[in-house]
Amino acid sequence: MNADVPVVRSELRGAIALVTIDNPPVNAASLAVRTELKTAIERLGNQPDVGAIVIACAGRTFTAGADIREFGKPLVPPILFETCAAIEACPKPVVAAVHGTALGGGFEIALASHARLMKRDARLGLPEVKIGQAPGAGGTQRLPRIIGLAKTIDVVTTGRMIAADEALSLGIVDQVVDNDVVDAALAHAQTLVGTRPTRTCDRQVPPFDQAEIDQVIKDVDKRARGQQSPGEAARLVLAAARMSVPEGVALEREVFARLVVSQQGQALRHIFLAERAAAKVDGLENAKPIDIRHVGVAGAGTMGAGIAVALADAGYKVTVVERDEAAVAAGRARIEGLYARLQKSGRLDEASLRERLSRVELAGTLQAFAPCDLVIEAVFDDLEVKRTLFGALSKIVRPDAILATNTSYLNPDFIADAATNPQRIIGMHFFAPANVMRLLEVVRMAQTSPDVLATALAVARKLRKLAIASGVCPGFIGNRIYAMYRRQCEYMLEEGAQPRDIDDAMESFGLPMGPFRVFDMSGLEIAWAQRKRLAPTRDPRERYVDIADQLCEQGHFGQKTGAGWYRYDNGVRSDHPLVRELIDKAVTRRGGERTTFTAEDIRIRLIAAMACEGAKILREGIAARASDIDLVFVNGYGWPSWLGGPMFQADQIGAKRILAEIEQMQTRDGPGWEADAVIVEAAQSRGPMFPAAL
Ligand code: T1G
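Residue numbers restart at each chain and count upward from 1, following the sequence in its written direction. Per-residue local features are limited, in this predicted model, to residues with pLDDT of at least 70; the limit for side-chain atom pairs, both in listing and counting, is 80 or more; totals at the level of whole chains, interfaces and linings are taken over all residues. No hydrogens and no water enter the side-chain calculation; it runs on all heavy atoms of the structure.

Looking at the pairing of strand S18 (residues 566-569)
Part 1: The two faces of S18 differ: Tyr566 and Tyr568 on one face are buried, but Arg567 and Asp569 on the other face are not.
Part 2: At least two bridges found by DSSP between two strands are what make those strands a pair. Elements are defined by DSSP. Helices are runs of H or I of four residues or more, strands are runs of E of two residues or more, and each kind is numbered from the N terminus. Bridging between S18 and strand S19 (residues 572-575) involves 4 bridges; their strand directions are antiparallel. Opposite tyrosine 566, over in S19, you have aspartate 575 as the bridge partner. Burial classes follow relative accessibility: with a 1.4 Å probe on protein chains only, a residue under 20% of its type's maximum area counts as buried, one over 50% as exposed, and anything between as partly exposed.

A word on the pattern of salt bridges
Part 1: Note on definitions: salt bridges are taken to be side-chain nitrogens of Lys or Arg within 4 Å of carboxyl oxygens of Asp or Glu. Tallied over the entire structure, the rule returns 48 salt bridges.
Part 2: Glutamate 507 is the salt-bridge partner of arginine 517, the closest N and O atoms lying 3.0 Å from each other. One end of the pair, arginine 517, is in helix H20 (residues 515-522); the other, glutamate 507, is in helix H19 (residues 499-509), with 10 residues separating them in the sequence.
Part 3: Residue classification places glutamate 507 among the partly exposed residues on the basis of a relative accessible area of 22%.
Part 4: Ionic pairing is found between arginine 594 and aspartate 584, a salt bridge with its closest N-O pair at 2.7 Å. You can see arginine 594 sitting in the loop between helix H23 (577-589) and helix H24 (599-619) and its partner aspartate 584 sitting in helix H23, a full 10 residues away along the chain.
Part 5: Through salt bridges with shared partners, a single ionic network connects Glu494, Glu495, Arg543, Arg590, Arg605, Arg668 and Asp669.

Here's the deal with unusual backbone geometry
Part 1: Geometrically, the link from proline 77 to proline 78 is a cis peptide bond, its omega value of -5° lying close to zero.
Part 2: Secondary-structure assignment places proline 78 in the loop between strand S3 (52-57) and helix H2 (80-89).
Part 3: Alanine 432 connects to proline 433 through a cis peptide bond whose omega is -10°.
Part 4: Mapping proline 433 onto the fold places it in the loop between strand S15 (425-430) and strand S16 (439-443).
Part 5: Of note, the phi angle at asparagine 421 is positive, near 50°, even though the residue is not glycine.
Part 6: By secondary structure assignment, the location of asparagine 421 is in the loop between helix H16 (412-416) and S15.
Part 7: One non-glycine residue, arginine 686, lies in positive phi territory at about 60°.
Part 8: Within the secondary structure, arginine 686 sits in the segment after helix H28 (677-685).
Part 9: We classify arginine 686 as exposed; its relative accessible area is 67%.

Remarks on the sheet that holds strand S10 (residues 294-298)
By definition, the strands of a sheet pair up through backbone hydrogen bonds, in either a parallel or an antiparallel sense.
Part 1: The strand order across the open sheet built from 8 strands is S12-S11-S10-S13-S14-S15-S16-S17, with neighbouring strands paired in mixed fashion. This sheet does not close on itself; its edge strands, each paired only once, are strand S12 (360-363) and strand S17 (466-470). Sheet twist, expressed as the average angle between the axes of neighbouring strands with direction ignored, equals 25°.
Part 2: Judged from the 4 bridges that link them, strand S11 (residues 317-321) and S12 form a sheet pairing that is parallel. Looking across to S12, one finds that valine 318 is bridged to valine 360. Inter-axis angles, ranging from 0 to 180 degrees, are taken between N-to-C directions of lines fitted to C-alpha atoms, where helices are fitted over the stretch in contact.

Considerations on the site of the ligand
Part 1: Each residue is tested against the molecule or strand, and it is near if at least one of its non-hydrogen atoms lies within 4 Å. Inspection of the region around the ligand gives 26 residues, with Ala66, Glu108, Glu128, Arg276 and Lys280 positioned closest.
Part 2: In this structure, glutamate 128 approaches the ligand through a side-chain N or O atom, which is 2.8 Å from an oxygen atom.
Part 3: Under the rule applied, a polar contact is a pair of N or O atoms within 3.5 Å (in protein, one hydrogen donor and one hydrogen acceptor; residues adjacent in sequence only if both atoms are side-chain atoms). Within the backbone of glycine 136, a nitrogen or oxygen atom sits 2.8 Å from an oxygen atom of the ligand.
Part 4: Burial of the ligand by the protein amounts to 75% of the accessible area it has alone, namely 1000 Å².
Part 5: Per-class residue counts for the shell around the ligand are 14 nonpolar, 5 polar and 7 charged. Computed with the Shrake-Rupley method and a 1.4 Å probe, the accessible areas treat only the protein chains shown as cover for residues. Residues are sorted three ways: Asp, Glu, Lys and Arg are charged, Ala, Val, Leu, Ile, Met, Phe, Trp, Tyr, Cys and Pro are nonpolar, and all the rest, Gly among them, are polar.

Points about helix H18 (residues 478-494)
Part 1: To estimate how far a helix should reach, multiply one less than its number of residues by 1.5 Å. Taking 1.5 Å as the rise per residue, H18 with 17 residues should run 24 Å; its terminal C-alpha atoms sit 25 Å apart, in good agreement.
Part 2: In terms of residue burial, H18 counts as a mostly covered element, since 16 of its 17 residues are buried.
Part 3: Immediately beyond the C-terminal end of H18, within one or two residues, lies glycine 496, with a positive phi of roughly 115°.

Re the environment of isoleucine 109
Part 1: Residue placement: isoleucine 109 occurs in helix H3 (residues 105-112).
Part 2: C-alpha of isoleucine 109 to C-alpha of glycine 65: the two residues are 44 residues apart in sequence and 9.2 Å apart in space.
Part 3: Residues in contact with isoleucine 109, not counting those within four places in the same chain, are Leu37, Ile55, Phe62, Thr63, Leu80, Cys84 and Ile87. Residues count as neighbours in contact if any of their non-hydrogen atoms are within 4.5 Å of one another.

A short note on a positive patch on the surface
Part 1: Nonpolar side chains (Val, Leu, Ile, Met, Phe, Trp, Tyr) are joined into patches within 5 Å and like charges within 9 Å, using only residues with over 30% relative accessible area and no salt bridge. The charge count treats Lys and Arg as positive and Asp and Glu as negative. His and the chain ends do not count. Where a charge sits is defined by one atom per residue type, namely NZ (Lys), CZ (Arg), CG (Asp) or CD (Glu). A cluster of basic residues, Arg69, Lys73, Arg276 and Lys280, forms a positive patch on the protein surface.
Part 2: If you trace the backbone, lysine 73 turns up in the loop between S3 and H2.
Part 3: Judged by relative accessible area, lysine 73 falls into the exposed class, the value being 53%.

Details of the packing of helix H9 (residues 229-239) against helix H10 (residues 245-260)
Part 1: The N-to-C vectors of H9 and H10 enclose an angle of 170°; their axes lie 10 Å apart at closest approach. The pairing of H9 with H10 is recorded here as roughly antiparallel in orientation. For the pair formed by H9 and H10, the contact residues are Ser229, Glu232, Leu236 and Ala239 on the first element and Leu251, Glu252, Val255, Arg258 and Leu259 on the second.
Part 2: Counted by class, the contact of H9 with H10 contains 5 nonpolar, 1 polar and 3 charged residues. Small angles under 35 degrees read as roughly parallel and large ones over 145 as roughly antiparallel, with 65 to 115 read as roughly perpendicular and the rest as oblique.

Some words on the sheet that holds strand S1 (residues 8-13)
Part 1: Taken in spatial order, the 6 strands line up as S1-S2-S3-S4-S6-S9 in an open sheet, and their pairing is mixed. Two strands close off the open sheet at either side, each with one partner strand: S1 and strand S9 (175-177). This sheet shows a mean twist of 20° between the axes of neighbouring strands, independent of strand direction.
Part 2: Note that S1 and strand S2 (residues 16-21) share 6 bridges and pair antiparallel. The partner of arginine 9 across the bridge, within S2, is threonine 20.

Remarks on helix H25 (residues 626-636)
Part 1: With respect to burial, H25 is a largely interior element, 11 of its 11 residues being buried.
Part 2: Buried within H25 we find Ala626, Ser627, Asp628, Ile629, Asp630, Leu631, Val632, Phe633, Val634, Asn635 and Gly636.

Side note on the side chain of glutamate 252
Part 1: Topologically, glutamate 252 is positioned in helix H10.
Part 2: One buried charged residue, glutamate 252, remains without a salt bridge, the closest side chain of opposite sign being arginine 253 at 6.1 Å.
Part 3: A polar contact of 3.3 Å, which involves the side chain of glutamate 252, links it to the backbone nitrogen of alanine 137.

Side note on the nonpolar core
Part 1: Remark: nonpolar core denotes a set of buried residues (Ala, Val, Leu, Ile, Met, Phe, Trp, Tyr, Cys) joined through side-chain atoms within 4.5 Å. With 82 residues, the main nonpolar core has Ile502, Trp565, Phe633, Trp639, Ile658 and Phe690 as its most contacted residues.
Part 2: The greatest single-element share of this core, amounting to 11 residues, is contributed by H24.
Part 3: Here this core spans two domains, and each of domain 2 (294-472) and domain 3 (479-693) adds at least three residues to it.
Part 4: Each residue touching phenylalanine 633, except ones within four places of it in the same chain, is listed here: Gly478, Ile481, Tyr482, Met610, Gly638, Trp639 and Pro646.
Part 5: Counting residues in hydrophobic clusters, the runner-up holds 62 residues, among them Val50, Ile55, Val129 and Val173. Domain borders in the structure are assigned automatically or taken from a domain database.

A word on the domain arrangement of the protein chain
Part 1: Each assigned domain of the protein chain is listed with its residue range as follows: domain 1 (8-261), domain 2 (294-472) and domain 3 (479-693).
Part 2: For domain 2 and domain 3, the distance between their C-alpha centroids amounts to 30 Å.
Part 3: In this assembly, 15 residues from domain 2 lie in contact with 10 residues from domain 3.
Part 4: Defined here as a combined quantity, buried area equals the accessible surface (1.4 Å probe) lost by two parts on assembly, summed across both. A per-residue breakdown of the area domain 2 buries against domain 3 is headed by Tyr409, Leu439 and Ile468, which together make up 39% of the total.
Part 5: Remark: the boundary between domain 2 and domain 3 carries 0 salt bridges.
Part 6: Counting the contacts that link domain 2 with domain 3 gives 4 residue pairs in polar contact (both at pLDDT 80 or more).
Part 7: If you list the elements that add at least two residues to the side of domain 2 that touches domain 3, you get S16 and S17.
Part 8: Of the residues assigned to the side of domain 2 that touches domain 3, the class counts are 8 nonpolar, 4 polar and 3 charged.

Encoded structure:
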C-alpha cells in the first residue's frame, strides 16, 4: 500500500460515524490500519455530533487478521490489542459490520466492538493456531465471556470458521443480514445512540465444570501431536475465568511473544505463505483454463477409485472405465466402499452419498470417454499399457480433450508421444488415498500448453487439492527425494541401526510414522518392482543394500502379508527376527563395523539426504522453489506443518552441518550424493540454503 494513502477513512452518516478500513487484499491489520483505526475511534468517540460508530471494511472481506508479514519483526505500537482496547473503551457504541471472513485480529476487532452484525455468507474465526500463534488481541478473553470456555476452546484450538447461523445462535452477533450489512449496521447503530455501550469485558465467563475443562485441554494437547499453539491457546481461554480482560490480554501478549519467535511459529508461517507462493506458476500470465465438467478416469483400482471419488466430491460428472465387466464391478464396489466408509464415520449423510454416487458412471468400453473434457489414466504403471491406452484415447476423445497421466515413475513424455496433439497431455500425480491426500503434483511436460497446465491447476483447486507444479524426472519431486531418504535409511541398517531406531528417531522429531512403518504400510513390493526395473541401468558404483529385496523374495511385503520390516500379529507390531538376522549379515558383509546412532544423528542425516536431492531438483528447475518441496512433504508424506518441511528443517540445522553430512555420503555411498553449489556457498557464507517463504 502507498504509505500516504489512508487505509482507514471516516464519514458522518447523520449521527453515525462510518469508519471504513481499506487495505487490500484482505484488510490485514497492518501498522497503518491499527494506528488509523485507533486514532479514528478515539477522535470520533469524543466528537459531540457522533452518537455511535460503525466499523466496516472495503473490498472482499472484513479484516482477515494481523498482518502476518509483520510477524518476526519488532512489533510497532499501537499493537492490535491496544486498538481493540480503544474500541471497547469508546464512550459511544461501536458496531462492527462483518462480511467475508473476519479472522484472527479481524474477529477480535468485532469482539471489542459493542455490537456485531454479519452477512449471512460471512464467517468468523480465530485461526491463529494454524500459523503457530494464539489469539493476541483479546480473542481468548472476550469470546469466552460470550460463548463460554468449552466452546471457545473448540474455536481457538481448531481454528475453525463459524458461520452466521451458529454465530447468531451462540450470541456472538446481534443480527445476520441478507442485504447490505453496512446499511443494517448504520440502522442498528442509530438505535444505540444515547445508550451506554455494552462492553464484553464487563461480562463474566459463564459457569463451567473445571474437571470437564481440564479434560478438554488434555484432549487438545493429545490431538496437537507435538504442536504447541493449540494447548497454549486453550490455557489462555481458561485464564479468562480468573482474570480481567486487560490482565488476560497481557498474558496473551506474553504467549504471542514466545510463539512468534518459536521454530514452530516460523515453520507454520512459512507453510502459510508457501501455499500462496505455490499457486503462482510461471508462464501462465496469458493462459486461459478450459472449462472442465465431465471427467473420465481410466482404471478403477485403488488410485482410480480414489480419483473418481475426489472428482465426484468436487461436483464433476465422472465416467470410469475398466477393461471388462468383472473389473467394472470390482471398481464400482471400491467406489461404493469409499463412500460407505465416509457414511459410517458420519462424515457423509445418505442423501449426499446418493447424490455423489449419481455423478459416477462406470463402463467397460473406452468409447464411454468420448464426451469427456478430461481423461485421467490410473491404469497399471507400465509404459506399454499406458502408451496403448493414450493411443486408443486419441481416437475416441475430442482433439482438444485433455489427457492426464497419473504415473508415479514413468516418463510422461514417453506416454504422451503415443497420443495425438501432445500439447493437451499433462501429468496429474495423485497421492493415495486420492480422495483424501491433499497433494497433487501437476507435471508440466515438454509440449504441454499453458492453457492445459492452467486447466489442470484449476481442476486441482476445485478438488481442494494443493497443486505443486513439477518438471519431468523420475519420481518428480516427492518420490525422487523420498527414494534418496529411503536409501539412507537402509544404509544405516547396514551400519548397524535397527528399523525401530530410525522410526523412533523420526517420530520423536514429529513425523506421525517412521519410514519403516510407512514402507510396511504402503507395501515393500512397489519399491521392489521399481528397483528391479531400474537394476539394469543402476550405476554399479552406487551403494546398494539388498535387505529389502531379500524380505520381498521371501514374500514379506509388510502389513498386508503380516511381516515386512516388522511383524504384525493381530494388529500388534513387533520386531521381525528375520530383519535383525539380515541386518547382521549385511553388517558382516560390510566389514562388521557397527555405528551407534543417536536420534539426532539419524534426523540430521536423513534431512541432509533430502536437502541434497532437493537442491538438485531446484537446480534442474523441476521444482520452482524450495517451499514447494516443503509443501510436497507436508501434504503428501505426512510431515506436520509445524515442522515446515525438509528444506526448512535443513536450514534450521544449518548449511555447515548439512554439507558435512553430504560430504560423508559422497565418500561413503558412491555417486548421487554431490553437494549442490547452493549448499556449499551457504556453508561458507553461513547464510540460508533455501530462503523461507516468510
Ligand atoms: N496477513 C497478511 N497477508 C495476508 C493475510 C494476513 N493475515 N491473509 C491473507 N493474506 C494475503 C495472502 O498472503 C495473499 O497474498 C492474499 O492475502 C490473498 O490471500 C493478533 C495474531 C483470508 C481466508 O490466519 O486464511 O490475527 O499471495 O490467497 O484464498 O490475534 O488468506 O496475493 O500476495 O489466502 O481468498 C490470523 C489468514 C492472523 C488468516 C483469504 N488470520 N488468511 O483466502 O486468499 S494472526 C489468519 C487466510 C492474528 C491476532 C493474530 C486467507 C483468507 P498474495 P489468499 P483466499
